[in-house]
Amino acid sequence: MEPIQKKKLYQSVLDRLIETIASKEFPPGSQLPSERELMAMIGVGRPSIREAMLTLQQMGLIRISHGERARVVKPTPQAIIDQISAAMIMLLADNPKGLEDLKSARIMIEVGLARMAATSATANDIRFLDECIKEMQARQGDSAVFVAADMRFHEILAGISGNSLIAAAVSGMLVWLTRFKQDMVVVKGAEQVTIEEHKLILNAIRNNDAEAAGAAMQRHLSRANALYSNYT
């Protein structure tokens, strides 16, 4: 049997502060006590308080502004994804299997989202998706704008699900792919193919054809994944 590992003092402080936030003793929007007040309340020194507070900020639970007491923030799925983005990009860079895992996860999620959109997209959703395709068509050759419109199409599609966690995850995956290797995202001559694939997805959604929408998304992402592989 392994001995129990002793916690560092700041970790005990961190646990106590998380408990107070989770119990709504300090609800989102409220300010935490000052460092001096926390030292007196918990009975520890300033270094432990500061380390715990910095960890809370890294976790996305508080915001620390110069000259003000720390303020509790409401966690959101997007904020959580943002918190792990830097680490995820490093993982993709260091782990040869990381990119393949990410591409596979994207297919599993987005094929399902395309199917769902075919049965639940509103007229406004379809209009927004169509606007993305029109912008892609108009901005061929301008890779930054083209990619932004492409990403927005997929983000809107994820938003149609009504699931904020899935929408944030898709947004994160798109950012991680784009930042991992910018040169892989736009391949010369592939822009029109990408546009036509998006049109097929949208037409299937517009026709409430879930099977066709899923199949079109599968083909689109599989082709894109093959291009990524060629450029690794």
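Model, not experiment: these values are computed from the prediction.

About the thresholds
Residues numbered from 1 in each chain as written. Predicted model: local features only at pLDDT ≥ 70, side-chain atom pairs only at ≥ 80, totals over all residues. Heavy atoms only, no water. Helix = DSSP H or I, 4+ residues; strand = E, 2+ residues; numbered from the N terminus. Rg over C-alpha atoms; globule rule 2.2 N^0.38 Å. Buried < 20%, exposed > 50% of the residue type's maximum accessible area, 1.4 Å probe, protein only. Contact = heavy atoms within 4.5 Å. UniProt positions renumbered as here; feature names shortened; annotations may be inferred. Axes fitted to C-alpha atoms, helices over the stretch in contact; angles between N-to-C directions. Parallel < 35°, antiparallel > 145°, perpendicular 65-115°, else oblique. Left-handed = near helix turned anticlockwise from the far one by under 90°. Domains from an automatic or database assignment. Polar contact = N/O pair within 3.5 Å; in protein donor to acceptor, adjacent residues only side chain to side chain. Core = buried A, V, L, I, M, F, W, Y, C linked by side-chain atoms within 4.5 Å.

Draft legend 1. Geometry of the overall build of the protein chain. Looking only at helices and strands, the protein chain features 11 helices and 2 strands. For the protein chain, the succession of helices and strands along the chain, N to C, is α-α-α-β-β-α-α-α-α-α-α-α-α. Over its C-alpha atoms the protein chain spans a radius of gyration of 23 Å, topping by over 25% the 17 Å that the globule rule assigns to 232 residues. Across its three principal axes, the protein chain shows a C-alpha extent of roughly 65 × 40 × 40 Å. Here the protein chain holds 232 residues, and the buried ones make up 38% of them. In the protein chain, the proportion of contacts linking residues at least 24 apart, taken out of those at least 6 apart, comes to 72%.

Draft legend 2. Structural view of the UniProt feature "transmembrane region" (unreviewed entry) in the protein chain. On the UniProt side, "transmembrane region" (unreviewed entry) is annotated at positions that read residues 156-177 here. With 86% helix and 0% strand, residues 156-177 has its two end C-alpha atoms placed 17 Å apart.

Draft legend 3. Broad picture of the packing of helix 1 (residues 9-22) against helix 3 (residues 46-58). Two numbers describe how helix 1 lies on helix 3: the axes approach to 8 Å, and their chain directions differ by 55°. Here helix 1 is positioned oblique relative to helix 3, judged by the angle of their axes. Two packed elements cross with a definite hand, and for helix 1 against helix 3 that hand is right-handed. The residues of helix 3 that touch helix 1, namely those facing Leu9, Tyr10, Val13, Leu14, Leu17, Ile18 and Ile21, are Ser48, Ile49, Glu51, Ala52, Met53, Thr55 and Leu56.

Draft legend 4. Local environment of the domain arrangement of the protein chain. The domains assigned to the protein chain are domain 1 (6-72) and domain 2 (78-229). Centre-to-centre, using C-alpha coordinates, domain 1 lies 38 Å away from domain 2.

Draft legend 5. Up close: the side chain of Ser161. Looking at the secondary structure, you find Ser161 in the loop between helix 7 (143-160) and helix 8 (164-180). Separated by 2.6 Å, the side chain of Ser161 and the backbone oxygen of Ala158 make a polar contact. Side-chain polar atoms of Ser161 contact the backbone nitrogen of Asn163, separated by 3.1 Å. Beyond its immediate chain neighbours, meaning those up to four positions away, Ser161 contacts Leu113, Met116 and Ile166.

Draft legend 6. Highlighting the nonpolar core. Membership of the largest hydrophobic core comes to 25 residues, with the highest contact counts inside it found for Leu129, Phe153, Leu157, Ile201, Ile205, Ala213 and Met217. Elements supplying a minimum of two residues to this core: helix 5 (98-120), helix 6 (123-138), helix 7, helix 10 (191-206) and helix 11 (210-230). Considering every element that reaches this core, the biggest residue donor is helix 7, with 6 residues. Setting aside chain neighbours within four positions, we find Ala213 in contact with Ala114, Arg115, Ala118, Ala204 and Ile205. If you look at the next biggest cluster of nonpolar residues, it comprises 17 residues, including Ile42, Ile49, Met53 and Leu56.

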